[in-house]
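Fold and contact review
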Amino acid sequence: MTGLLAYSYGKATTRAEGLSFASLADRTHALDAAWMIPFGDVRLSGAFTLTSGAPYTRTSSGPVFEREAPNARRLPPYASLDLSIDYTRRIGNASVAGFAGMQNVLGRNNLTWYQFSGDCAGQSRSSRGTRCIGQDA
């Protein structure tokens, strides 16, 4: 069996126009795990990632445009579990291999960026000049 477990803590900041705030790329906490278990010619493996949610700035465009402090809010944590199985068998001087994998077994939406507030369901990303939340499906 082979495995890895890693945790990291980091802060990424942006400085602009006299302000200092969390960078769009800031993921304060990150936990990663990976493993592989062999069973003869078959190997089962998996990888898990859990990170802090991405920071974003809440805005509203009602009668008066309002914006909160830059990147003062955070999306929900990002979590993903990927699993795979592979088979390798030697036949003479050759090897026969097969592989199958499943990504995002947890089925999470994993929001990855955010630019404007509002519900974009049913809207194209370009409607009214705004963007919708991106997803890692």
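Details of the structure are given in the entry above.
This section reports on the structure supplied with the text. (Residues numbered from 1 in each chain as written. Predicted model: local features only at pLDDT ≥ 70, side-chain atom pairs only at ≥ 80, totals over all residues. Heavy atoms only, no water.)

Details of the environment of Phe65
Defined as follows: By definition, any uninterrupted DSSP run of H or I lasting at least four residues is a helix, any uninterrupted run of E lasting at least two residues is a strand, and each is numbered from the N terminus. Only protein chains enter the area calculation, which uses a 1.4 Å probe; residues under 20% of their type maximum are buried, those over 50% are exposed, and those in between are partly exposed. Whether two residues are in contact is decided by their heavy atoms, any of which lying within 4.5 Å being enough.
Looking at the element boundaries, Phe65 is found in strand S8 (residues 65–67). Under the relative-accessibility criterion, Phe65 is labelled exposed at 56%. Contact partners of Phe65, with chain neighbours within four places excluded, come to Thr59 and Ser60.

Let's talk about the pairing of strand S10 (residues 78–91)
The test is simple: For two strands to count as paired, DSSP must find a minimum of two bridges between them.
Taken together, the ten bridges between strand S5 (residues 42–51) and S10 define a ladder with antiparallel strand orientation. Bridge pairing links Leu44 to Ile85 in S10. By the bridge criterion, nine bridges tie S10 to strand S11 (residues 94–102) in an arrangement that is antiparallel. Opposite Ile91, over in S11, you have Ala94 as the bridge partner. Hairpin remark: S10 followed by S11, antiparallel, with two residues in the connecting loop; positive phi at Gly92, about 65°.

A short note on the environment of Ser84
Here is the rule we go by: We call two N or O atoms a polar contact when they sit within 3.5 Å, provided that within protein one can donate a hydrogen and the other can accept it, with sequence-adjacent residues counted only if both atoms are side-chain atoms.
Its location among the elements puts Ser84 in strand S10. Of the residues examined, Ser84 reaches a relative accessible area of 17% and is grouped as buried. Within the structure, Ser84 has its side chain in polar contact with the side chain of Ser45 (distance 2.5 Å).

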